Amino acid sequence: MSYTDVMYGIGDLATASYAGLRALGSGPYGWFNWLLIGIGIGMMVWWMNQMLKYDKEAEQNGTLK
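Keep in mind that this is a model prediction, so the values were computed, not measured.

Participant: Just checking my understanding: could you explain the packing of aromatic side chains for this structure?
Facilitator: Counted under the stated rule, the structure contains 2 aromatic pairs. Note on Trp31 and Phe32: the rings are 6.1 Å apart at their centroids and 80° apart in plane angle, and the pair reads as edge-to-face. Ring centres 6.1 Å apart and planes at 50° place the aromatic pair Trp46 and Trp47 in the tilted group. The class for Trp46 is exposed, based on a relative accessible area of 52%.

Following this line, the structure appears as structure tokens:
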């Protein structure tokens, strides 16, 4: 088994994993994709707030950001 076979295997697995999301998006469960997008955006907002909190704390303590 070569390195190329491993990389193609990983690519095929990733492609196959998206087939389920495509099926959910076109059927009566299309809301599931929007739910995943909403969770991702919510997590990004939470993370940015955490970073702001840590930056403010570092500024008050005189430590590195």
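Picking up where we left off.
Participant: Is there a simple way to think about helix α2 (residues 31-61) in this case?
Facilitator: Its 31 residues place the ends of α2 45 Å apart at the C-alpha level, agreeing with the 45 Å of an ideal helix rising 1.5 Å per residue. Where α2 terminates, the next one or two residues include Gly62, which has phi positive at roughly 70°.

Participant: I tried to follow a nonpolar patch on the surface on my own but got confused; where do I start?
Facilitator: A surface patch of nonpolar side chains, about 1100 Å² in accessible area, is lined by Trp34, Ile37, Ile41, Met44, Val45, Trp46, Trp47, Met48, Met51 and Tyr54. Tracing the backbone shows Met51 in helix α2. Residue Met51 is classed as partly exposed on the basis of its relative accessible area, which comes to 30%.

Participant: Help me understand the environment of Ile41, please; the structure alone is not making it clear to me.
Facilitator: Along the chain, the position of Ile41 falls in helix α2. For the pair Ile41 and Ala16, spaced 25 residues apart in sequence, the C-alpha separation works out to 24 Å.

Thresholds applied
- Residues numbered from 1 in each chain as written.
- Predicted model: local features only at pLDDT ≥ 70, side-chain atom pairs only at ≥ 80, totals over all residues.
- Heavy atoms only, no water.
- Phe/Tyr/Trp six-rings, centres within 6.5 Å; stacked < 30°, edge-to-face > 60°.
- Buried < 20%, exposed > 50% of the residue type's maximum accessible area, 1.4 Å probe, protein only.
- Helix = DSSP H or I, 4+ residues; strand = E, 2+ residues; numbered from the N terminus.
- Expected span 1.5 Å × (residues − 1).
- Patch = residues over 30% accessible without salt bridge, like charges linked within 9 Å, V, L, I, M, F, W, Y side chains within 5 Å.
- Areas by Shrake-Rupley, 256 points an atom, 1.4 Å probe, with all protein chains shown as cover.
- Salt bridge = Lys/Arg side-chain N within 4 Å of Asp/Glu carboxyl O.

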